[in-house]
Amino acid sequence: MHLIQRTAGLTAVAVLWATSALAQGYPERQITMVVPFAAGGPTDTVGRLIAERMSEDLGQQILVENVGGAGGTLGAQQVADAEADGYTILLHHIGMATAPTLYRNLAFDPVADFAPVGLVTEVPMTIVARADFEPADAASFIQYVKDNADTVTMANAGIGAASHLCGMLFMQAVDAPIVTVPYRGTGPAMTELVGGQIDIMCDQTTNTTEQIKGGTIKAYAVTTPERLDILPDLPTVAEAGLPGMEVSVWHGIYAPAGTPQEAIDRLSTALQTALADPDVASQLGELGTAPSPAEDATPTALQAKLSGEIERWRPVIEEAGVYAD
Amino acid sequence: MRKSFDPTDALAGIVFIAFGLFFGLSSLLRLDIGTAFRMGPGYAPLVLASVLLLLGVLILLSALRTAPEPVTALAWRGMLFLLPAPILFGLTVRGLGFVPAIFLATLLAAFASPRMRPWQAVVLALAVTVFSTLVFSYALGLPFRRFGPWLPV
Amino acid sequence: MDLLSNLGLGFATAASPENLLFCLIGVILGTLIGVLPGIGATATIAMLLPITFELEPVSSLIMLAGIYYGAQYGGSTTAILINMPGESSSAVTAIDGYQMARRGKAGTALAVAALGSFFAGTVATVLVALFAPPLTAIALEFGAAEYFSLMVLGLVSAVALAHGSFLKALAMVVLGLLLGLVGTDIYTGDPRFTLGRPELADGLSFVGLAVGVFGIAEILRNLEGGEADRTVLGQSLGGLWPSREDLKRMVAPMLRGTILGSALGILPGGGAVLASFGSYTIEKRLSKTPEEFGRGAVAGVAGPESANNAGAQTSFIPLLTLGIPANPVMALMVGAMIIQGIVPGPNVATEQPDLFWGIITSMWIGNLMLIVLNLPLIGIWVKLLKVPYHLLFPIIIAFSSIGVYSVKGNVFDLFTVAFFGLLGYAFLKLRCEPAPLLLGFVLGPLLEENLRRAMILGRGDPSVFLTRPISASLLVLTVMVIAVMLLPRVRRKREEVFVEGD
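Predicted, not measured: the structure shown is a model, and the values here were computed from it.

Rules and cut-offs
Residues numbered from 1 in each chain as written. Chains lettered and ligands numbered in written order. Predicted model: local features only at pLDDT ≥ 70, side-chain atom pairs only at ≥ 80, totals over all residues. Heavy atoms only, no water. Helix = DSSP H or I, 4+ residues; strand = E, 2+ residues; numbered from the N terminus. Rg over C-alpha atoms; globule rule 2.2 N^0.38 Å. Buried < 20%, exposed > 50% of the residue type's maximum accessible area, 1.4 Å probe, protein only. Contact = heavy atoms within 4.5 Å. Areas by Shrake-Rupley, 256 points an atom, 1.4 Å probe, with all protein chains shown as cover. Lys, Arg positive; Asp, Glu negative; His and termini not counted. Charge placed at Lys NZ, Arg CZ, Asp CG, Glu CD. Buried area = accessible area lost by both parts, 1.4 Å probe. Salt bridge = Lys/Arg side-chain N within 4 Å of Asp/Glu carboxyl O. Expected span 1.5 Å × (residues − 1). pLDDT = per-residue confidence, 0-100. Phe/Tyr/Trp six-rings, centres within 6.5 Å; stacked < 30°, edge-to-face > 60°. Lys NZ or Arg CZ within 6 Å of the ring centre and 35° of its normal. Polar contact = N/O pair within 3.5 Å; in protein donor to acceptor, adjacent residues only side chain to side chain. Disulfide = S-S within 2.5 Å. Domains from an automatic or database assignment. Patch = residues over 30% accessible without salt bridge, like charges linked within 9 Å, V, L, I, M, F, W, Y side chains within 5 Å. Axes fitted to C-alpha atoms, helices over the stretch in contact; angles between N-to-C directions. Parallel < 35°, antiparallel > 145°, perpendicular 65-115°, else oblique. Left-handed = near helix turned anticlockwise from the far one by under 90°. Nonpolar A, V, L, I, M, F, W, Y, C, P; charged D, E, K, R; others polar.

Participant: Please clarify how the overall build of chain C should be interpreted in this entry.
Facilitator: Looking only at helices and strands, chain C features 22 helices and two strands. Taking 2.2 N^0.38 as the reference for a compact globule, 502 residues should give roughly 23 Å; the C-alpha atoms of chain C span a radius of gyration of 22 Å, in line with that estimate. Viewed in the frame of its principal axes, chain C has a C-alpha envelope of about 65 × 60 × 50 Å. Counting across all 502 residues of chain C, residues that qualify as buried make up 67%. A separation threshold of at least 6 residues defines the contact pool for chain C, and within that pool the share at least 24 residues apart is 79%.

Participant: How should the overall build of chain B be read in this particular structure?
Facilitator: Counting its secondary structure elements, chain B contains six helices and zero strands. From first element to last, N terminus to C terminus, chain B shows the α and β order α-α-α-α-α-α. Relative to the compact-globule value of 15 Å for 153 residues, chain B shows a C-alpha radius of gyration of 24 Å, a clear excess of over 25%. In terms of its C-alpha atoms, chain B occupies a principal-axis envelope of roughly 60 × 50 × 25 Å. When burial is assessed residue by residue, chain B has 47% of its 153 residues classed as buried. Contacts spanning at least 24 positions in sequence make up 61% of the contacts within chain B whose residues lie at least 6 apart. Of the roughly 7800 Å² of accessible surface on chain B, 74% is carried by carbon and sulfur atoms. Across chain B, the 11 positively charged side chains and the 4 negatively charged ones have centroids separated by 18 Å.

Participant: Can you walk me through the side chain of Thr194(C) in this structure?
Facilitator: Residues and elements named next belong to chain C. Among the secondary structure elements, Thr194 is positioned in the loop between β2 (191-192) and α9 (206-223). For Thr194, a relative accessible area of 9% corresponds to the buried category. Excluding residues within four positions of it along the chain, Thr194 makes contact with Gly183, Leu200 and Ala201.

Participant: Any chance you could explain the interface of chain C and chain B here in plain terms?
Facilitator: Accessible area lost upon the coming together of the parts is a frequently used measure of interface size. Taken together, the contacts link 64 residues of chain C with 64 residues of chain B. It is Phe193(C), Ile402(C) and Arg431(C) in chain C that bury the most area against chain B; as a group they hold 11% of the surface buried on that side. In this assembly, chain C and chain B are joined by three salt bridges. When residues of the side of chain C that touches chain B are traced back to their parent elements, those giving at least two are α3 (41-52), α8 (166-180), β2, α9, α18 (389-408), α19 (412-429) and α20 (434-457) of chain C.

Participant: Quick question: what am I supposed to make of α8(C) here?
Facilitator: Helical periodicity: at 3.6 residues per turn, an α-helix aligns residues three or four positions apart in one direction. Between its first and last C-alpha, α8(C) extends 21 Å over 15 residues, near the 21 Å set by a 1.5 Å rise per residue. Counted residue by residue, α8(C) has twelve buried out of 15 residues, so it is predominantly covered. Looking at the buried side of α8(C), the elements it contacts are α1 (7-30) and α2 (43-63) of chain B together with α7 (144-158), α19 and α20 of chain C.

Participant: What's the story with the confidence of the model for chain B in this structure? I'm lost.
Facilitator: Any region with low pLDDT has predicted coordinates that should not be read closely. Looking at chain B as a whole, its pLDDT mean stands at 89, while 97% of the residues score no less than 70. By mean pLDDT, the top-scoring element of chain B is helix α5 (residues 98-110) of chain B (95), and the lowest-scoring one is helix α3 (residues 76-82) of chain B (91).

Participant: Sorry if this is basic, but what is going on with the packing of aromatic side chains here?
Facilitator: Geometrically, a pair of aromatic rings is defined through the distance of the ring centres and the angle of the planes. This model, assessed by the stated rule, comprises 27 aromatic pairs over all chains. Seen from their ring centres, Tyr389(C) and Phe393(C) are 5.9 Å apart, and the 40 degrees between their planes marks the pair as tilted. Separated by four residues within a single helix, Tyr389(C) and Phe393(C) lie in helix α18, roughly one turn from each other. Given a relative accessible area of 7%, Tyr389(C) falls into the buried group. Taking relative accessible area as the criterion, Phe393(C) reaches 0% and is therefore assigned buried. Site record: aromatic cluster; members linked through ring pairs are Phe133(A), Phe141(A), Tyr144(A), Phe170(A) and Tyr220(A). Lying across the ring of Trp313(A), Arg312(A) places its NZ or CZ 5.4 Å from the centre. Between the NZ or CZ atom of Arg146(B) and the centre of the ring of Tyr138(B), over which it lies, the distance is 3.9 Å.

Participant: Is there a simple way to explain unusual backbone geometry in this structure?
Facilitator: The phi angle of most residues is negative, glycine excepted, and most peptide bonds adopt the trans form. With an omega of -5 degrees, the peptide bond between Tyr26(A) and Pro27(A) qualifies as cis. Tracing the chain through its elements places Pro27(A) in the loop between α2 (8-23) and β1 (31-35). Positive phi, normally seen in glycine, also occurs at Arg431(C), with a value near 55 degrees. Its relative accessible area of 28% is what places Arg431(C) among the partly exposed residues.

Participant: Could you clarify how one ought to interpret α1(B) in this entry?
Facilitator: Between its first and last C-alpha, α1(B) extends 34 Å over 24 residues, near the 34 Å set by a 1.5 Å rise per residue. The N-cap of α1(B), judged by a side-chain oxygen 3.1 Å from the amide nitrogen of Thr8(B) a few residues on, is Asp6(B).

Participant: Sorry, what's going on with the pattern of salt bridges here?
Facilitator: Any two side chains of opposite charge can pair, on the condition that their charged atoms come close. Under the criterion given, the structure shown has 31 salt bridges over all chains. Between Arg256(C) and Glu283(C) there is a salt bridge whose closest N-O contact spans 2.8 Å. With a gap of 27 residues between them, Arg256(C) in helix α11 (residues 244-265) and Glu283(C) in helix α12 (residues 273-286) connect regions that are remote in the sequence. For Glu283(C), a relative accessible area of 2% corresponds to the buried category. Put simply, Glu448(C) and Arg452(C) hold a salt bridge, and the shortest N to O gap is 2.9 Å. Highlighted residues: Glu448(C) and Arg452(C), both in helix α20, separated by four residues, approximately one helical turn. Like Arg452(C), Glu448(C) is buried. One salt-bridge network, held together by shared partners, links Arg53(A), Glu56(A), Asp277(A) and Asp279(A).

Participant: Help me understand the state of the cysteines, please; the structure alone is not making it clear to me.
Facilitator: Note on terminology: a disulfide is the covalent bond linking the sulfur atoms of two cysteines. Residues and elements named next belong to chain A. One pass over the structure, following the stated rule, counts one disulfide over all chains. Across the disulfide, Cys166 is cross-linked to Cys202 (sulfur-sulfur distance 1.9 Å). On the S-S bond that ties Cys166 to Cys202, the torsion sits near 60 degrees, and the link is right-handed. Note that Cys166 is positioned in helix α7 (residues 162-174) and Cys202 in strand β7 (residues 200-204), a separation of 36 residues in sequence. Cys166 sits in the buried class, given a relative accessible area of 0%. Relative accessible area serves as the criterion here: at 0%, Cys202 is assigned to the buried category.

Participant: Help me out: how do you make sense of the domain arrangement of chain B in this one?
Facilitator: Looking at chain B, the domain boundaries give domain 1 (7-63) and domain 2 (76-139). Taking only C-alpha atoms into account, the centre of domain 1 of chain B sits 38 Å from that of domain 2 of chain B.

Participant: In this structure, what is going on with a nonpolar patch on the surface? I would like to understand it.
Facilitator: A cluster of nonpolar residues, Leu21(B), Leu25(B), Leu28(B) and Leu29(B), forms a patch on the protein surface that exposes about 420 Å² of accessible area. Secondary-structure assignment places Leu28(B) in helix α1.

Participant: What is the right way to read the packing of α1(B) against α8(C) from this model?
Facilitator: Two packed helices can be described by the angle between their axes and the distance between those axes. Here α1(B) crosses α8(C) at 25 degrees, and the two axes come no closer than 11 Å. Relative to α8(C), the element α1(B) is oriented roughly parallel. Classified by chirality, the crossing of α8(C) by α1(B) is left-handed. Across from Asp9(B), Ala12(B), Phe16(B), Phe19(B) and Phe23(B) in α1(B), the residues of α8(C) making contact are Lys168(C), Ala171(C), Met172(C), Leu175(C), Leu178(C) and Leu179(C). Split by residue class, the contact of α1(B) with α8(C) holds nine nonpolar, no polar and two charged.

Structure follows, in structure tokens:
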């Protein structure tokens, strides 16, 4: 609505002003980082971790603003509409790539309306089951699921959630339509998995690692090309016989399209510095993930990741025929 | 029979009937109902809307047999100035910024009372603005932009 | 003895001068922010969360816990003083607490709330310390069928919330259930009643709805006819403290509320929302003077406030024993833990006993500080009511606008406030009470989700509700409640003729 009210003249003035301000050295005031999810969630946690270190490098505070709603599309929309002056940025996860397919009347284009800054981290996922689920290893697990596709139940944390995306991939990989049970968020889904009310789930290591270590749930495979340091006994999906199921919840930072190149470059440098910090690495390590290497924390790498993932998920979602709008 | 008719209850019944129709018809027209064993998104709303419709009718019918109760005056002035205040805040907070938006919203709300004199309203709005800017923006560091892009500040 | 040494460890951690200080700061900040209209515990914690990041892990969690209790109490204060609940639990406190305030007994209501909270907090802390693991096991027995039956029980009890027409209260519950279903259907992704607005995809905002139908509608009512009505509030403030008789009347409700709240607080799937509503219903049923309810009954404040606070305490159980957050507040606590480098999980108690027991003991310390701090503050809160109303209400509007906006940074939520303010005022004029609407709104999605989930898990066989023992017991209880409700209705029919006219 405020787009209509904002006159073209004012916008022009703002852009001129922003550009002249940049000449004097970006950033010269605080930056707002929109996290399109509620405070305290996993994405918010990643955002706050990284914002703190980037602030140190930039010499200006990065404020995290949580604009939750509609699977992250409301917050992303807000950044797409924001002034392209480098003072409003977005931290979003894999949902940036699935939104164009999941939301059929999305009002923004993740590729055209944003300028990528860089990848932050890629969180691996694990295929887990209730603690007393019968199969002993990955191979017998896959066989069991195929044989009992009509009785096995699979939880997810809602349409578009990482657990939902991974669930769709899993069903394609085992080629069996499993009964899916959605929950409102990871918390309730994990509770019912621990309580044995539901059989299996595929979720981020952030949510599963401690439960696996504590023995409250059982794990069968991890969705990375290599085994994880924190769960060394867990086979990869390729080892388990589920090729093509490599998937991670990747997080990236974006600015609105049209943001001056100086600002993008400065942000990208700050991101690389933050990711090289051993404290950030150890805190991300606690979450079961690692900082992206410096060559991935660049606009080109994020651009490539985003485009590739949009194309990867489109057929998966279309085949499942589930949309979030 | 005419004498014992309570217009308040009758109106309440009509309001419930209207809500029942809105939810019921939207469910029927736009949503998949499904069956009791495989419920679609429209199943629960349709059932609830039907119950609401029925309750509305019952309330309307019982209103025809009840003695009316006195109706007090409506707060027209209150509605005129109070209800638009949060809307004004919402429309201006992103464009004008937090500081002007909260000032304008408080000023508008203040006129809902006939006892409020214009100078009092301005002083009150200023005080609220200063207080909330200090508390929310500076002390708590909430990510509100104090002055927005519509202002050349 | 294990428990004593554990508690000793906890006190050693929580009672260090530094942690006591952070706990105190947390309680003060929580109360001060939570008392602002339209800002409940969740919003307060979200706002204050960043402050705790710089602290040591244990100190930061202790301070957060302090903020939580402070915010809860602050929220009840606003509910009592100006009928503006910021959270579903304090919505019940608003019903009778605000009526007490209107009758010049604001001080009593606040003291009753504080004492009830403290008592419940103490009992629930002991419960958490003694029985956390076995209680977790019970909570894990709750599946979709059990939650559905529990919600049905809650819903049936809801009608007791109203003191006017039975039919209208029922209609308000149903309307609330329908409003609760607005938003994206989590099973199919279909948008329901969103009128094409993406802002409605996650449903209507609870705070927007509550602030509108309770707070704004009440302000409008006060603005009728030159604010003559308001003099009730401003004049006689009566005794600040509860009389001996008040204290006597609050003991039993406090005990029952504590038990109910402790039990429901454990359930991670939204059982806790029922605690304060349920307590209100029970007290009204058991009361010798049910007609007082809705007009300022002490038991109507003491019971729900105790239930609410006990539930707040025991909702830490799933977090502490499983590492799974039971509600949005607990989710924020998890976020804080992770930022501190603690990943909550089933092993926290064994791997970090000082943290685990430190949090549990700080719960009690937080409650103690809360009451020490707030009893003297009551005098100040009550004095706020002496501020001329035409100066007070614009301030309320300003703060509640900020509060609603700060929750999600969503402008649309402010439009929700205005819309429900108008609707709430309309219902007030139509003599329909808002509390049942709010309960329906909270229960609507839970009821439908769990019904559909139970049917999917049960392969479309509705007998799951009766073959699972906990679910079946809850349904039996529901039938009993209906029976009890119908009996006195028949008996009292004749007396009603004389009571009418109020």
